[in-house]
Amino acid sequence: MKADVRVLTFRGAEMTEWLDAVARLRVEVFRNFPYLYEGDAAYEKHYLSMYTRSADSLLVLVHADGQVVGASTGLPLGDAESAIQAPFTERGIPVENAFYCGESVLLPAFRGLGLGHRFFDEREAHARSLGDIRWTAFASVDRADDDPRRPVDYRSNDSFWARRGYVRQPDMKVRLPWKQVGETHETEQALTMWLRPLENAR
């Protein structure tokens, strides 16, 4: 099943034809802990359209057995929504100097193949090519260690991100509303930024 895994990259409007498939994948993966997101494909497609409007955005797509099984996004911070930009401007980091690594999603059967590293490799290489980028960053949802919804076998990605050179920034918060699994309305969720200096930026 995993022999025909292909990694494809698309920029800006090139990713439009993949929005439906990526939206469905995001709904499936984000329903699980830690996001616990009760999403719908129509909303996800609308959110992803932000990337199609940025000429310098990137979609890294994992394709296998005729379907999209993984996806990762990124775009210059200046092209991201204001809620994502806010903690950077508050810190005094110019938005034109940062690249936002959006969410990565991958079906469980395709994890452990090095694709998580590939997602970061592709986005960081793309960020270096853009000129004035000095930082790469992403946001991770905050969940308490004793959250009763945490699966017994859940493993945090914190150590993986740290090995990639990212450092959690407790004072750089993003607050976004979404409906969690089992809820009837949206509630505000807190996410924390992780930053990495982009070495060898041109």
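Below is a short write-up of the structure. Just so we're clear, the structure is a prediction, and the values are computed from it rather than from any experiment.

1. Digging into the overall build of the chain
For step 1, the next point in the chain: Each helix and strand in the chain was counted, giving five helices and seven strands.
For step 2, the next point in the chain: What you see in the chain, going N to C, is helices and strands ordered as β-α-α-β-β-α-β-α-β-α-β-β.
For step 3, the next point in the chain: Taken against the 2.2 N^0.38 rule, which gives 17 Å for 202 residues, the C-alpha radius of gyration of the chain at 16 Å falls within 12% of a compact globule.
For step 4, the next point in the chain: With the C-alpha coordinates of the chain rotated into their principal frame, the extents come out at 45 × 40 × 30 Å.
For step 5, the next point in the chain: When the 202 residues of the chain are sorted by exposure, 48% land in the buried category.
For step 6, the next point in the chain: Partitioning the intrachain contacts of the chain with sequence separation of at least 6 by distance along the chain shows that 74% fall at a separation of at least 24.
For step 7, the next point in the chain: Of the charged side chains in the chain, 26 are positive and 30 negative; the average position of the first set lies 3 Å away from that of the second.

2. A closer look at the sheet that holds strand S7 (residues 187–197)
For step 1, the next point in the chain: A sheet is described by the order of its strands in space; here seven strands give the open sequence S1-S2-S3-S4-S5-S7-S6, paired in mixed fashion. A single partner strand is all that each edge strand has here, and the edge strands are strand S1 (6–11) and strand S6 (167–178). Shown here is a sheet whose adjacent strand axes are inclined to one another by a mean of 25°, direction ignored.
For step 2, the next point in the chain: Sheet analysis places strand S3 (residues 67–76) next to strand S4 (residues 98–106), joined by six bridges and oriented antiparallel. When the sheet's bridge partners are listed, Ala71 is paired in S4 with Val105.
For step 3, the next point in the chain: Its contacts with the sheet put helix H2 (residues 41–52) on S3 and S4, and the angle it makes with S3 is roughly 55°.
For step 4, the next point in the chain: Of the strands in this sheet, S4, strand S5 (135–141), S6 and S7 are in contact with helix H3 (residues 82–91), which crosses S6 at around 145°.

3. Here's the deal with the environment of Phe33
For step 1, the next point in the chain: Within the secondary structure, Phe33 sits in the loop between helix H1 (19–30) and H2.
For step 2, the next point in the chain: Along the chain, Phe33 and Tyr154 lie 121 residues apart, while their C-alpha atoms are 8.1 Å from each other.
For step 3, the next point in the chain: Discounting residues that sit within four places of it in the chain, Phe33 has contacts with Arg143, Asp147, Arg149, Arg150, Pro151 and Tyr154.

4. With respect to the side chain of His63
For step 1, the next point in the chain: Along the polypeptide, His63 turns up in strand S2 (residues 58–64).
For step 2, the next point in the chain: Excluding its chain neighbours within four sequence positions, the residues that come into contact with His63 are Asp4, Val5, Arg6, Leu8, Trp18 and Val68.

5. Looking at the pattern of salt bridges
For step 1, the next point in the chain: For the structure on display, the rule yields 16 salt bridges.
For step 2, the next point in the chain: For Arg118, the salt bridge is made with Glu122, and the minimal N-O distance between the two is 2.8 Å. With Arg118 and Glu122 both in helix H4 (residues 115–128) and four residues apart, this pair spans about one turn of that helix.
For step 3, the next point in the chain: Through salt bridges with shared partners, a single network forms among Asp121, Glu124, Arg128, Arg164, Arg196 and Glu199.

6. A short note on unusual backbone geometry
For step 1, the next point in the chain: With an omega of 15°, the peptide bond between Phe33 and Pro34 qualifies as cis.
For step 2, the next point in the chain: Among the structural elements, Pro34 can be located in the loop between H1 and H2.
For step 3, the next point in the chain: Here Leu36, not a glycine, exhibits a phi torsion of approximately 55°, which is positive.
For step 4, the next point in the chain: You can see Leu36 is positioned in the loop between H1 and H2.
For step 5, the next point in the chain: Look at Leu36 and you get buried, because its relative accessible area is 11%.

7. With respect to the layout of surface pockets
For step 1, the next point in the chain: Approximately 1400 Å³ is the volume found for the largest pocket.
For step 2, the next point in the chain: Every residue lining the largest pocket is counted, 44 residues in all, and those nearest its centre are Tyr154, Arg155, Ser156, Asn157 and Trp161.
For step 3, the next point in the chain: Listing elements by their share of the lining of the largest pocket, those giving two or more residues are H1, S4, H4, S5 and helix H5 (158–163).
For step 4, the next point in the chain: Among the elements that take part in the lining of the largest pocket, S4 stands out by supplying seven residues, more than any other.
For step 5, the next point in the chain: A per-class count over the lining of the largest pocket returns 22 nonpolar, 11 polar and 11 charged.

Calculation criteria
- Residues numbered from 1 in each chain as written.
- Predicted model: local features only at pLDDT ≥ 70, side-chain atom pairs only at ≥ 80, totals over all residues.
- Heavy atoms only, no water.
- Helix = DSSP H or I, 4+ residues; strand = E, 2+ residues; numbered from the N terminus.
- Rg over C-alpha atoms; globule rule 2.2 N^0.38 Å.
- Buried < 20%, exposed > 50% of the residue type's maximum accessible area, 1.4 Å probe, protein only.
- Contact = heavy atoms within 4.5 Å.
- Lys, Arg positive; Asp, Glu negative; His and termini not counted.
- Charge placed at Lys NZ, Arg CZ, Asp CG, Glu CD.
- Pairing = 2+ DSSP bridges.
- Axes fitted to C-alpha atoms, helices over the stretch in contact; angles between N-to-C directions.
- Salt bridge = Lys/Arg side-chain N within 4 Å of Asp/Glu carboxyl O.
- 1 Å grid on protein atoms, 1.4 Å probe; cavity = no way out; pocket = protein on both sides within 12 Å on 5 of 7 lines; lining within 4 Å.
- Points joined across faces, edges and corners; volume = space filled by probe spheres on them.
- Nonpolar A, V, L, I, M, F, W, Y, C, P; charged D, E, K, R; others polar.

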